[in-house]
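A closer look at the structure
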Amino acid sequence: QLQLVESGGGLVQPGGSLRLSCASSGFNSYAIGWYRQAPGKQRELVASIIPGGRTQYADSVKGRFTISRDNAKNTVYLQMNSLKDEDTALYYCNAPAAPQPWGQGTRVTVSS
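Report follows, based on the coordinates. Nothing here was measured: the structure is a model prediction, and the numbers come from that model. (Residues numbered from 1 in each chain as written. Predicted model: local features only at pLDDT ≥ 70, side-chain atom pairs only at ≥ 80, totals over all residues. Heavy atoms only, no water.)

1. A short note on the nonpolar core
In terms of nonpolar packing, the biggest core is built from 27 residues, with Trp-34, Val-76, Leu-78, Met-80 and Tyr-91 touching the most fellow members. For this core, the secondary-structure elements that each account for two or more residues are strand 3 (18-23), strand 4 (32-37), strand 5 (44-49), strand 7 (65-70), strand 8 (75-80), strand 9 (89-94) and strand 10 (106-110). Setting aside residues no more than four positions away along its own chain, Leu-78 makes contact with Leu-18, Arg-19, Leu-20, Trp-34, Val-46, Ala-47, Phe-65, Thr-66, Ile-67 and Tyr-91. (Core = buried A, V, L, I, M, F, W, Y, C linked by side-chain atoms within 4.5 Å. Buried < 20%, exposed > 50% of the residue type's maximum accessible area, 1.4 Å probe, protein only. Helix = DSSP H or I, 4+ residues; strand = E, 2+ residues; numbered from the N terminus. Contact = heavy atoms within 4.5 Å.)

Okay, here's the thing in structure tokens:
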């Protein structure tokens, strides 16, 4: 099993940016996704990246979020730009095809 540690969340104004990090060990052969869960809503997959670098995004974040990975550092990033109130959520990373125990997540709050 992989241990997943998310970081980088915080409070940001609408239109602002944040970069989230997902650190683990041994996940270089896995596709990794960033998920989020807003209050009262189900967890949703917002972006994913395969080992070769191909990415996919939910329509709600396309053009604003960018997922990337640094295999040498065993880290996957989520660059979030043009943040909106509706991006407020607890953000997690995991392997969509081989789910691991969920980490604690990192909270993103978008508010003026």
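Here the narrative resumes, following the displayed structure.
2. A closer look at the side chain of Arg-69
As for its placement among the helices and strands, Arg-69 is situated in strand 7. A distance of 3.0 Å separates the side chain of Arg-69 from the backbone oxygen of Tyr-30, its partner in a polar contact. Among the polar contacts made by the side chain of Arg-69, one reaches the main-chain carbonyl oxygen of Ile-50 at a distance of 3.4 Å. For Arg-69, the contacting residues outside a window of four places in its chain are Phe-27, Asn-28, Tyr-30, Ala-31, Ile-32, Ile-49, Ile-50, Pro-51, Thr-75 and Val-76. (Polar contact = N/O pair within 3.5 Å; in protein donor to acceptor, adjacent residues only side chain to side chain.)

3. Some words on the packing of aromatic side chains
One pass over the structure, following the stated rule, counts two aromatic pairs. Pairwise contacts between aromatic rings join Tyr-35, Tyr-92 and Trp-102 into one cluster. When the ring centre of Tyr-92 is taken as origin, the NZ or CZ atom of Arg-43, which lies over that ring, is 4.2 Å away. (Phe/Tyr/Trp six-rings, centres within 6.5 Å; stacked < 30°, edge-to-face > 60°. Lys NZ or Arg CZ within 6 Å of the ring centre and 35° of its normal.)

4. Observations regarding the pattern of salt bridges
For the structure on display, the rule yields four salt bridges. Asp-59 is paired through a salt bridge with Lys-62; the nearest N and O atoms lie 3.2 Å apart. By sharing partners, the salt bridges in this structure join Arg-36, Glu-44, Arg-64 and Asp-87 into a single network. (Salt bridge = Lys/Arg side-chain N within 4 Å of Asp/Glu carboxyl O.)

5. Quick notes on the sheet that holds strand 10
Spatial strand order, 2-10-9-4-5-6: six strands in an open sheet with mixed pairing. Each of the sheet's edge strands pairs with one partner strand only, and the pair in question is strand 2 (10-12) and strand 6 (55-57). Geometrically, the sheet is characterised by an average inter-axis angle of 25 degrees between neighbouring strands, direction not taken into account. Pairing between strand 4 and strand 9: five bridges, direction antiparallel. Bridged to Gln-37 within strand 9 is Leu-90. (Pairing = 2+ DSSP bridges. Axes fitted to C-alpha atoms, helices over the stretch in contact; angles between N-to-C directions.)

6. Side note on the pairing of strand 7
Each regular strand shows side chains that alternate between the opposite faces of the sheet. Residues Phe-65, Ile-67 and Arg-69 point to one face of strand 7 and are all buried, whereas Thr-66, Ser-68 and Asp-70, pointing to the other face, are not buried. With six bridges connecting them, strand 7 and strand 8 associate as antiparallel partners. Paired with Ile-67 across the bridge in strand 8 is Leu-78. Adjacent in sequence and paired antiparallel, strand 7 and strand 8 are bridged by four residues, among which Asn-74 carries a positive phi angle near 50 degrees.

7. Details of the sheet that holds strand 7
Strand order in the open sheet made by the four strands is 1-3-8-7, with antiparallel pairing throughout. Of all strands in the sheet, those with a lone pairing partner are strand 1 (5-7) and strand 7, marking the two edges. Between one strand axis and the next, the sheet turns by 15 degrees as a mean value, whatever way the strands run.

These values are about where atoms sit, not about what they do.
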